[in-house]
Amino acid sequence: MTRRAPPSAPACHRVRSAGVPYLLKDLYAWQKGARIGNGSRLYDGFVADHDFTLVERYKAAGLVILDAPNTPEFGLNAATEPVVNGPTRNPWNLERSSGGLERRRCAAVAAGMVPAAHGTDGGGSIRIPAANCGLFGLKPNRGRNPAGPDVGEGWSGLACGHALTRSVRDSAALLDATSGPAPGDPYWAPPPARPFLQEVGAKTGQAAHRAHEEAHHGHARACLNASRASRLPPGCAKSSAIASKRRCRSSTSSGCAGPWASSSPPTCAAASTPGSTP
């Protein structure tokens, strides 16, 4: 079976963030030459010999990656209180928890130390600390960001990597900088129609539907008023259809072609018969 090659990521979607400091999670997110502890004493002294694909994209975007902070041992606990580094507390209230695996990075962003930090989310590791610390945390679709090159996915696709940020705009900009498939990925999310950053503030859902409906009804009313006054705008198919339909209804003949019968304006057969009234 021949494996289909992943689509290339649109170059126009890439975002440059030169000089922005960024914290990297100390859990299966390798940066060449940096110590990786995975929150455990078993990894004491281990140094990564290559970059993960996501880290490569962070560097390509110009982010300045700082030393990886605290994390639960192997990510197996929902609270960041490992023996090797001690607990992480909520910057808003030291008596409360920051929550989740990303609590140390989340606390750093909430305290204003850095504007954003990396995280992965399988069961709430990004979303829980973001909620506890008043930040924005997004878990993207699986396959949106690459997990390679050593693995194709985490937790059978349940764990996805992205970031903790202070705003939706920052999260969207980071996703533009990192999203897209990489060689070896077992699957990938469909590329967006436009950059995620352009989606921030755009009308969506009910607001977009209401705007579309208002524009549609406004055009229909304008065409109907014009047809009633016998002032049909040139090229207005709606007006021609309404006017022809009215003429057909006034005729007693059944040989009237409906407004969707052809692309030309509908005509009524009885209108050309001598003695008939159009």
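Residues numbered from 1 in each chain as written. Predicted model: local features only at pLDDT ≥ 70, side-chain atom pairs only at ≥ 80, totals over all residues. Heavy atoms only, no water.

Asker: Sorry if this is basic, but what is going on with the overall build of the protein here?
Answerer: A tally of helices and strands in the protein yields seven helices and seven strands. Walking the protein from its N terminus toward its C terminus, one meets helices and strands in the order β-α-β-β-β-α-β-α-β-β-α-α-α-α. When each of the 278 residues of the protein is scored for burial, the buried share is 40%. For the protein, contacts bridging at least 24 residues in sequence account for 62% of all contacts bridging at least 6. (Helix = DSSP H or I, 4+ residues; strand = E, 2+ residues; numbered from the N terminus. Buried < 20%, exposed > 50% of the residue type's maximum accessible area, 1.4 Å probe, protein only. Contact = heavy atoms within 4.5 Å.)

Asker: Any chance you could explain the pairing of strand β4 (residues 93–97) here in plain terms?
Answerer: Each regular strand carries side chains that alternate between the two faces of the sheet. Of all the five residues making up β4, zero are buried; the element is thus mostly uncovered. Direction of pairing for strand β3 (residues 89–90) relative to β4: antiparallel, over a ladder of two bridges. By the bridge assignment, N90 is partnered in β4 with N93. (Pairing = 2+ DSSP bridges.)

Asker: What am I meant to see in the packing of aromatic side chains here?
Answerer: Under the criterion given, the structure shown has three aromatic pairs. Ring geometry for Y22 against Y58: centres 4.6 Å apart, planes inclined by 50 degrees, an arrangement best described as tilted. Here the residue Y22 occupies a position in strand β1 (residues 21–23), and Y58 occupies one in helix α1 (residues 53–60), the gap between them amounting to 36 residues. The class of Y58 is buried, set by a relative accessible area of 2%. (Phe/Tyr/Trp six-rings, centres within 6.5 Å; stacked < 30°, edge-to-face > 60°.)

Asker: Sorry if this is basic, but what is going on with helix α4 (residues 168–178) here?
Answerer: It helps to recall that an α-helix has 3.6 residues per turn; residues three or four apart then point in one direction. Along α4, eight of the eleven residues are buried, which leaves the element largely enclosed by surrounding structure. S171, A172, A173, L174, L175, D176, A177 and T178 are the residues of α4 that are buried. Residues of α4 that are buried sit in contact with β1, α1, β5 (116–121), β6 (136–138), β7 (160–165) and α5 (196–199).

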